[in-house]
Amino acid sequence: MSVNSIFRRPTRASKRGRAPLPVLPWLAILVGALLGFSSPAARADEVILRSGRVIRGEVLPAESETAPLRVRVKRGQKSAVVELERAEVRYIRRLGSDAERVLRQVDEALAAGEAERAAGILTDYLKKNPQDARAYRELGFALLLANKPGPAANALEEACRRDAQDLESRLSLASAQEQIGRRDAAIESYRQAATLAPKHARTWLRLADLLLRRWGARQEALGNLPPLSEGAGEEAKAERAQEQRLAQADRKEALEAFEHAKRADPRDEEVVLTHARVILEGPEGETLAREVLGRFLRRVPQA
């Protein structure tokens, strides 16, 4: 999408909402952007920051209760010690030896393309360790890779129930809910993820995308309804008005999500271009869309 392409007139299909974005690639982008240090497969302690960022590594013994938290982080064959102010840390999730052994087996299965075997390993582990929220998260992700979004959603709901602060579980749950057609639930999951990590633009962008798709579906449903007759009762009029309010509320929230995304990452070109296109296709029109793009180009002239 280019700046000039924004001002091509929308097609008739655009009135039904934006085309859905692929779910699993988006999940990979979101999780990858939110993890911070180390890869998702790294098996180590997890330090969850108040920003929603996750740092994986070995939490080192503290010099004192008020001293910065020290985490040894590996990247390839190298390692470095990262110091974090205590005020930045929401909480620490430590990895026990049994869990580490199981998760390494899971990594090996996934690396071999055997997602169902990975899910089986985790299912057996959870029979003896039903309190392990992290294992439920890994089970959900393995089931997503095995193309079993229904069972994945169940596992990820359990992960979120046991650890409401786990951003990865929340994002994976939203992905699973999208795949099984639970759009309303997915929207709520992205709302909660955005609350956990308000400074990550792509979470807000994904939320906006789903809200616009629901808005498009509601608009299409309203357009297919016959006009109310002159003798329509007050209840019928109220129901129609409520449907219109719900549709407009979705679009309003989507536009607010774009604003959150731009504040989180003012240099994200996709966020701004998508926002401008949505404005252009709505009642605000070309003038406001050009203003949005103009502000972005003044900030990032090389875009």
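(A) Quick peek at the overall build of the protein. On a plain count of helices and strands, the protein comes out with eleven helices and five strands. Taken over 303 residues, the protein has a buried fraction of 46%. Across the protein, every contact between residues at least 6 apart in sequence was considered, and the portion connecting residues at least 24 apart equals 56%. Only carbon and sulfur atoms are counted for the fraction: they give 50% of the accessible area of the protein, which is about 15900 Å².

(B) Region of the structure containing the sheet that holds strand E5 (residues 89–93). Ordered by their spatial adjacency, five strands build an open sheet running E4-E3-E2-E1-E5, and the pairing between neighbours is antiparallel. With partners counted over all chains shown, the strands left at the sheet margins are strand E4 (78–84) and E5, one partner each. Put simply, the sheet's adjacent strands are angled 40° from each other on average, direction ignored. Pairing geometry for strand E2 (residues 54–59) and strand E3 (residues 69–75), over two bridges, is antiparallel. Along E3, the bridge assignment pairs Val59 with Val71.

(C) Representation of helix H7 (residues 183–196) in the model. Taking 1.5 Å of rise per residue, 14 residues should cover 20 Å, and H7 covers 20 Å from first to last C-alpha, within 8% of that figure. Of all the positions in H7, only Ala186, Ile187, Ser189, Tyr190, Ala193, Ala194 and Leu196 are classed as buried.

(D) Structural detail: the nonpolar core. Counting 38 residues, the largest nonpolar core has Leu167, Tyr190, Trp204, Leu207, Leu212, Phe258 and Val271 as its most contacted members. Of all the secondary-structure elements, those providing two or more residues to this core are helix H6 (167–179), H7, helix H8 (201–223), helix H9 (234–264), helix H10 (269–280) and helix H11 (285–299). Examining the composition of this core, we find that ten residues originate from one element, H8, more than from any other. Formed by 26 residues, the second largest nonpolar core is a distinct cluster that contains Val102, Tyr125, Leu139 and Cys160.

(E) Examining a positive patch on the surface more closely. Side chains of Arg267, Arg295, Arg298 and Arg299 sit close together on the surface and give a patch of like positive charge. With respect to the helices and strands, Arg267 occurs in the loop between H9 and H10.

(F) Quick look at the pattern of salt bridges. Applying the stated criterion to the full structure yields 30 salt bridges. In this structure, Glu270 engages Arg202 in a salt bridge whose closest nitrogen and oxygen atoms are separated by 3.2 Å. With Glu270 in helix H10 and Arg202 in helix H8, the pair connects residues that are 68 residues apart, well separated along the chain.

(G) Here's a closer look at the pairing of E3. Here E3 pairs with E4 via seven bridges, running antiparallel. Following the sheet pairing, Arg75 is matched in E4 by Lys78. Remark: two residues form the turn of the hairpin made by E3 and E4, two consecutive strands paired antiparallel; Gly76 in that turn has positive phi of roughly 65°.

(H) Geometry of the packing of H8 against H10. Close contact between H8 and H10 brings their axes to 11 Å; oriented N to C, the two are set at 25°. Between H8 and H10, the angle is such that the two are roughly parallel. Judged by the sense of rotation from one axis to the other, the crossing of H8 with H10 is left-handed. Residues Ala201, Arg202, Leu205 and Leu212 of H8 touch H10, and the partners they reach there are Glu270, Val271, Thr274 and Val278. Residue composition of the contact of H8 with H10, by class: five nonpolar, one polar and two charged.

(I) Spatial organisation of H9. The end-to-end C-alpha distance of H9, which contains 31 residues, comes to 44 Å, matching closely the 45 Å that a straight helix rising 1.5 Å per residue would cover. The set of residues buried in H9 consists of Arg240, Ala247, Asp250, Arg251, Ala254, Leu255, Ala257, Phe258, Ala261 and Lys262. Where H9 is buried, its residues contact H8, H10 and H11.

(J) Layout of a negative patch on the surface. On the surface, a cluster of negative charge is contributed by Glu63, Glu83, Glu85 and Glu88. The residue Glu83 is located in strand E4 in this model. Using a relative accessible area of 55% as the deciding quantity, one classes Glu83 as exposed.

Criteria and thresholds
- Residues numbered from 1 in each chain as written.
- Predicted model: local features only at pLDDT ≥ 70, side-chain atom pairs only at ≥ 80, totals over all residues.
- Heavy atoms only, no water.
- Helix = DSSP H or I, 4+ residues; strand = E, 2+ residues; numbered from the N terminus.
- Buried < 20%, exposed > 50% of the residue type's maximum accessible area, 1.4 Å probe, protein only.
- Contact = heavy atoms within 4.5 Å.
- Areas by Shrake-Rupley, 256 points an atom, 1.4 Å probe, with all protein chains shown as cover.
- Pairing = 2+ DSSP bridges.
- Axes fitted to C-alpha atoms, helices over the stretch in contact; angles between N-to-C directions.
- Expected span 1.5 Å × (residues − 1).
- Core = buried A, V, L, I, M, F, W, Y, C linked by side-chain atoms within 4.5 Å.
- Patch = residues over 30% accessible without salt bridge, like charges linked within 9 Å, V, L, I, M, F, W, Y side chains within 5 Å.
- Salt bridge = Lys/Arg side-chain N within 4 Å of Asp/Glu carboxyl O.
- Lys, Arg positive; Asp, Glu negative; His and termini not counted.
- Charge placed at Lys NZ, Arg CZ, Asp CG, Glu CD.
- Parallel < 35°, antiparallel > 145°, perpendicular 65-115°, else oblique.
- Left-handed = near helix turned anticlockwise from the far one by under 90°.
- Nonpolar A, V, L, I, M, F, W, Y, C, P; charged D, E, K, R; others polar.

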